[in-house]
Amino acid sequence: MRIVLVGPPGAGKGTQAQFITSNLAIANISTGDLFRANVSQGTPLGIEAKKYMDSGDLVPDEVTIKMVRERLAEDDARDGFLLDGFPRNVPQAEVLGAMLDELGTRLHAVLELVVDDDEVVRRLAGRRTCRTCGTVWHVDFDPPTRDGVCDRCGGELFQRDDDREETVRHRLEVYNDQTAPLIAYYADLGLLIGIDATGPVEDVTERAIAALRPLNHDWS
Ligand code: AP5
Ligand code: MG
Ligand code: ZN
């Protein structure tokens, strides 16, 4: 199954991606995570991307598209994937459509996580991420047992540089200007499924799986 996950910063895309991809046994591909891995390794791609990420702007399309093209060519993506954070504007969506055409395949669904701006700001202000395994926590909504330590692997938790309040506000503007038009784009293609992404994490996962499972007979 091939899915795109869309929603504003802090909607819970990364949180839900972990559960959805393990439930459906598909590859979990997050462009934000790929960029952050490059930043922490100091690669040329990471150095280029960081300039944009720190201000909350989109990394240029040609850089992003090249990275996604390479990632989709890896073995684990052949039998299905969930894309978290890509596409992020209509030109990226058009390129993705063309890439899948070339591979003789297509998207099965675009899942939109629907939450309002106030909730997004609350979620991002308290987000902590594990430096070792990438698991996402929240100091109030999903706290680890010990402050600053990942329950899953014992790794150190950190706060993302782009979660400062003014950067969050800019990321929301960028989402509304550049990414929100994808909602209509994919609705026109008959691919859009919107789910309420408020409430406990497990409830959101249940809604997502309930929306996606019926499409499962239709893999190709
Ligand atoms: P990216 O990493 O994709 O950031 P984002 O879209 O801003 O989304 P986030 O990762 O901030 O939020 P999320 O929806 O994953 O929420 P999470 O699950 O963590 O992109 C970062 C940057 O990379 C961009 O700004 C851009 O520069 C660049 N980039 C990436 N892709 C690109 C592209 N295609 N083109 C160009 N540039 C690109 O959850 C948030 C918090 O809420 C957590 O603390 C979590 O524990 C908590 N939470 C989750 N669910 C719930 C719940 N149900 N109830 C309460 N709390 C919850
Ligand atoms: Mg994320
Ligand atoms: Zn961890």
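See the structure shown above.
Here goes a summary of the coordinates provided. (Residues numbered from 1 in each chain as written. Chains lettered and ligands numbered in written order. Predicted model: local features only at pLDDT ≥ 70, side-chain atom pairs only at ≥ 80, totals over all residues. Heavy atoms only, no water.)

Neither face of strand E3 (residues 81-84) is exposed, since Phe81 and Leu83 on one face and Leu82 and Asp84 on the opposite face are all buried. Judged from the four bridges that link them, strand E1 (residues 2-6) and E3 form a sheet pairing that is parallel. What sits directly across from Val4, in E3, is Leu83. Bridge count for strand E2 (residues 27-30) against E3 is four bridges, and the pairing is parallel. Each residue of the ladder has a partner; that of Ile29, found in E3, is Leu83. (Buried < 20%, exposed > 50% of the residue type's maximum accessible area, 1.4 Å probe, protein only. Helix = DSSP H or I, 4+ residues; strand = E, 2+ residues; numbered from the N terminus. Pairing = 2+ DSSP bridges.)

We now examine the sheet that holds strand E6 (residues 136-138). The strand order across the open sheet built from three strands is E6-E5-E7, with neighbouring strands paired in antiparallel fashion. Bordering the open sheet on either side are E6 and strand E7 (157-158), each of which pairs with just one other strand. With two bridges connecting them, strand E5 (residues 127-130) and E7 associate as antiparallel partners. Following the sheet pairing, Thr129 is matched in E7 by Phe158. Of the strands in this sheet, E5 and E6 are in contact with helix H6 (residues 117-125), which crosses E5 at around 45°. (Contact = heavy atoms within 4.5 Å. Axes fitted to C-alpha atoms, helices over the stretch in contact; angles between N-to-C directions.)

The coordination sphere of the zinc ion (ligand 3), as far as protein atoms go, consists of Cys130 (SG), Cys133 (SG), Cys150 (SG) and Cys153 (SG), spread over 2.2 to 2.3 Å. Taken together, the four donor atoms coordinating the zinc ion (ligand 3) span angles of 98 to 115° at the metal, a pattern that classifies the geometry as tetrahedral. In terms of primary sequence, the donors binding the zinc ion (ligand 3) are separated according to C-x2-C-x16-C-x2-C. With Cys130 in strand E5 and Cys153 in the loop between E6 and E7, this pair connects stretches of sequence that are 23 residues apart. Residue Cys153 is classed as partly exposed on the basis of its relative accessible area of 38%. (Donors = N, O, S within 2.8 Å, 3.2 Å for Na, K, Ca; no water. Tetrahedral: all angles 85-135°; square planar, octahedral: opposite > 155°, others 65-115°.)

This paragraph deals with the side chain of Thr15. Relative to the elements of secondary structure, Thr15 occurs in helix H1 (residues 13-24). In this structure Thr15 touches Val136 and Val201, once residues within four positions along its chain are discounted.

For any two helices packed against each other, the geometry is given by the interaxial angle and the distance between the axes. At a closest axis distance of 5 Å, the pairing of helix H7 (residues 165-179) and helix H8 (residues 181-188) adopts a crossing angle of 35°. Facing Tyr175, Asn176, Asp177, Gln178 and Thr179 of H7, the residues of H8 in contact are Pro181, Leu182 and Ile183. Split by residue class, the contact of H7 with H8 holds four nonpolar, three polar and one charged. (Nonpolar A, V, L, I, M, F, W, Y, C, P; charged D, E, K, R; others polar.)

This part is about the site of ligand 1. The environment of ligand 1 is made up of 34 residues, and the closest members are Thr15, Thr31, Asp57, Arg127 and Arg171. Interatomic distance of 2.6 Å between a side-chain N/O atom of Arg127 and an oxygen atom of ligand 1. The contact in question runs from a nitrogen atom of ligand 1 to an N or O atom on the backbone of Gly199, over 2.8 Å. Protein contacts shield 97% of the accessible area of ligand 1, which totals 1100 Å² for the unbound molecule. When residues of the shell around ligand 1 are traced back to their parent elements, those giving at least two are H1, helix H2 (31-41), H6 and E6. The biggest single contributor to the shell around ligand 1 is H2, with four residues. (Near = heavy atom within 4 Å. Polar contact = N/O pair within 3.5 Å; in protein donor to acceptor, adjacent residues only side chain to side chain. Areas by Shrake-Rupley, 256 points an atom, 1.4 Å probe, with all protein chains shown as cover.)

Inspection of every chain in the model, using the stated rule, returns one aromatic pair. Judged by centre distance (5.1 Å) and plane angle (85°), the ring pair of Tyr185 and Tyr186 falls under edge-to-face. (Phe/Tyr/Trp six-rings, centres within 6.5 Å; stacked < 30°, edge-to-face > 60°.)

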